[in-house]
Amino acid sequence: MVSPPISFDPAFAASTLSFELLAGKVARRSKLTFTDRGGGQQGESDNGREIQTPAVIMFSSRGAVPHLTPDNLSRLPAEMVHVSLEHLLEKREAFFVEAPYSLARFLALHGSSITPSQLLSMTLREPSGAKPGDVPNSNNSVSAKTWQGVIQVSPADYLSWSLPRPPDILVSIGDEPPVAELSRKRVVKVLSRSFSWLSDVAKGAKHRTNVFAALVGGNSLNTRKEFAMKLLGSRPGSPCLDDSLSGYSLAIPTLLNDSDPSVIDLFRASLDPLPALKPRLALGVVGPHDILQLVRNVGIDLFVDEWSSICASFGVALDFDFPPSSSPPPGDEKKKSIGINLFDPTHIRSFEPLSQSRLAIPTRPNHHPIPSDDRQLEVFGNTQPTKSYVHHLLKSHEMTANVALALHNSTVMFNFFGAIRRSIEDGSFDHSVGLFSQTYSEPEGGVLNGGEYVCLKEAKEDWAKVNLVRGKGSLREKRLEDAAAEQDATALAARESAAALASDTARTGTEKIEVLRQ
């Protein structure tokens, strides 16, 4: 299929990104500056935006931050939001490119008196990446899951849908098959496809947005190093593609065997050959233990936070401090949980705030705590929700529970990153990470291994039980109607298939008779 021509209005050109290292070597403090932001002709100019890193980027699904309206979001110090392009596509149509204003405004990210309009980062696929069973990529395109089905997206498609209203950061498409091991033949394909696609995206997006390279290579150290060297033009006469890049993006591999190198080693293999003075973005990170290890051992600057939204969806209130406010438990004592499963019946009469953590205190964008008389008004309204109240909402499957938890969990994550930055500046970061690991339970399966925290696992089980029994009236009837309709559709398809087969058989028989007669 021929891709549509790329239309581009200079009025919507994305901001120019610059990077400045402020402190640290591996675990590092830096500053991203976005200048000359697009939309100037529409009255949306926003020069000189600064993002202090390490920083969190809020996750969005289908163009909205889960559970939060724009009004809810305006109460938080959210400076960046991540968008997956596949969530915005209607099959092969990107309707938002026709909007007479920027993508941020289309998504109702207007900003507020607390925070200006959020900056946007964009990938084609969800941050969690490809999964087993996904439609494989081809030599010229990547499979994407729109809400109307799977489509194949070429680099030209990606540019034609993202550049008319460009994000501030555009992550290139890459070939990352969801398999544990790659044959040498498949490795060659991964390298050639990803490099070709990145070249097309970087060339097409020049002076229009800031391109981050998706550093590919799966679970192979050598493949990752080889791809990084290709960016530098390591072979005589080859171009240095890295000069046209603004940063790098790394995704946690979806499948890791016990014999595979660690995620830290894999990420280092991708980054070590490349210039250090460019920002690094991590996708698919699960929880604070992962974040701390990637900051300390790899020097990641930006993290897309899908995990805290998942916790809010299943009834978990984050409840941890950094650095920990108390001494680690003795060796034989159980470590603390990273969150609270509010489905637990012990919270029926817990008339106390969702968390006593220092990180649960709301902050303004400059990362200073909000004055005490403004705290509840800024984030939750006049009354802060209690564990008992949210437990009741969860048991009745009331969506207000998810809103309260999303506000709470987002506040904890913003403050968590603020605490990381301060500890790097004062030199206490390594010590604080050690205390954190001794104080709080890690995910099942270990850190950076795709495991799940026990509190979230239990909450998902409780959520499923409530979801199974809820609704004694119209909801249950609707489910029965849907199940019956699905069975009828399956039976109809089977009958039509049998009729078609019978018709083909009859036609074939008639044709044979005619042949015999002749």
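Residues numbered from 1 in each chain as written. Predicted model: local features only at pLDDT ≥ 70, side-chain atom pairs only at ≥ 80, totals over all residues. Heavy atoms only, no water.

Visitor: I keep staring at the nonpolar core and nothing clicks. Help me out?
Guide: Among the nonpolar cores identified, the biggest contains 111 residues, and Leu-231, Leu-294, Phe-320, Phe-416 and Ile-420 are the most heavily contacted of them. If we ignore the near neighbours within four places in the chain, the residues touching Phe-416 are Pro-288, Ile-291, Leu-292, Phe-320, Phe-322 and Leu-359. Residues Phe-19, Leu-119, Ala-214 and Leu-302 belong to the second largest nonpolar core, which totals 18 residues. (Core = buried A, V, L, I, M, F, W, Y, C linked by side-chain atoms within 4.5 Å. Buried < 20%, exposed > 50% of the residue type's maximum accessible area, 1.4 Å probe, protein only. Contact = heavy atoms within 4.5 Å.)

Visitor: I would appreciate a short explanation of unusual backbone geometry in the present structure.
Guide: Of all residues except glycine, most have a negative phi; of all peptide bonds, most are trans. For the bond from Thr-53 to Pro-54, the omega torsion is 0°, close enough to zero to count as cis. Position of Pro-54 among the secondary structure elements: in the loop between β3 (49–53) and β4 (55–59). Following Phe-322, the chain continues into Pro-323 via a peptide bond in cis, with omega recorded as -10°. Position of Pro-323 relative to the elements: it lies in the loop between β14 (316–318) and β15 (339–341). (Helix = DSSP H or I, 4+ residues; strand = E, 2+ residues; numbered from the N terminus.)

Visitor: What is the right way to read helix α11 (residues 400–426) from this model?
Guide: Owing to its 3.6 residues per turn, the α-helix brings residues three or four apart onto one side. Under the 1.5 Å per step criterion, the end-to-end length of α11 is 39 Å for 27 residues, consistent within 8% with the ideal 39 Å. Of all 27 residues making up α11, 22 are buried, and the element is well covered by its neighbours. (Expected span 1.5 Å × (residues − 1).)

Visitor: Looking at this model, I keep getting lost on the pairing of strand β5 (residues 80–84). Mind explaining?
Guide: In terms of burial, β5 is a largely internal element, five of the five residues being buried. Judged by which residues are buried, β5 turns out to be covered on both faces: Met-80, His-82 and Ser-84 on one side and Val-81 and Val-83 on the other are all buried. As paired elements, β4 and β5 share two bridges and run parallel to each other. Looking across to β5, one finds that Met-58 is bridged to Val-81. Pairing analysis gives five bridges linking β5 to strand β6 (residues 119–123), with the strands arranged parallel. The partner of Val-83 across the bridge, within β6, is Met-122. (Pairing = 2+ DSSP bridges.)

Visitor: Is there a simple way to think about the pattern of salt bridges in this case?
Guide: Between side chains of opposite charge, pairing is possible as soon as their charged atoms come close. Per the counting criterion, the structure on display carries 13 salt bridges. For Glu-425, the salt bridge is made with Arg-29, and the minimal N-O distance between the two is 2.9 Å. Taken as a pair, Glu-425 in helix α11 and Arg-29 in strand β2 (residues 29–35) lie far apart in primary sequence, 396 residues in all. On the accessibility criterion, Arg-29 (5% relative accessible area) is buried. When the shortest N-O distance is used, the salt bridge between Arg-125 and Glu-86 registers 3.1 Å. Linking Arg-125 in the loop between β6 and β7 (142–146) with Glu-86 in the loop between β5 and α2 (103–106), this pair joins segments that are 39 residues apart in sequence. Residue classification places Glu-86 among the buried positions, given a relative accessible area of 3%. (Salt bridge = Lys/Arg side-chain N within 4 Å of Asp/Glu carboxyl O.)

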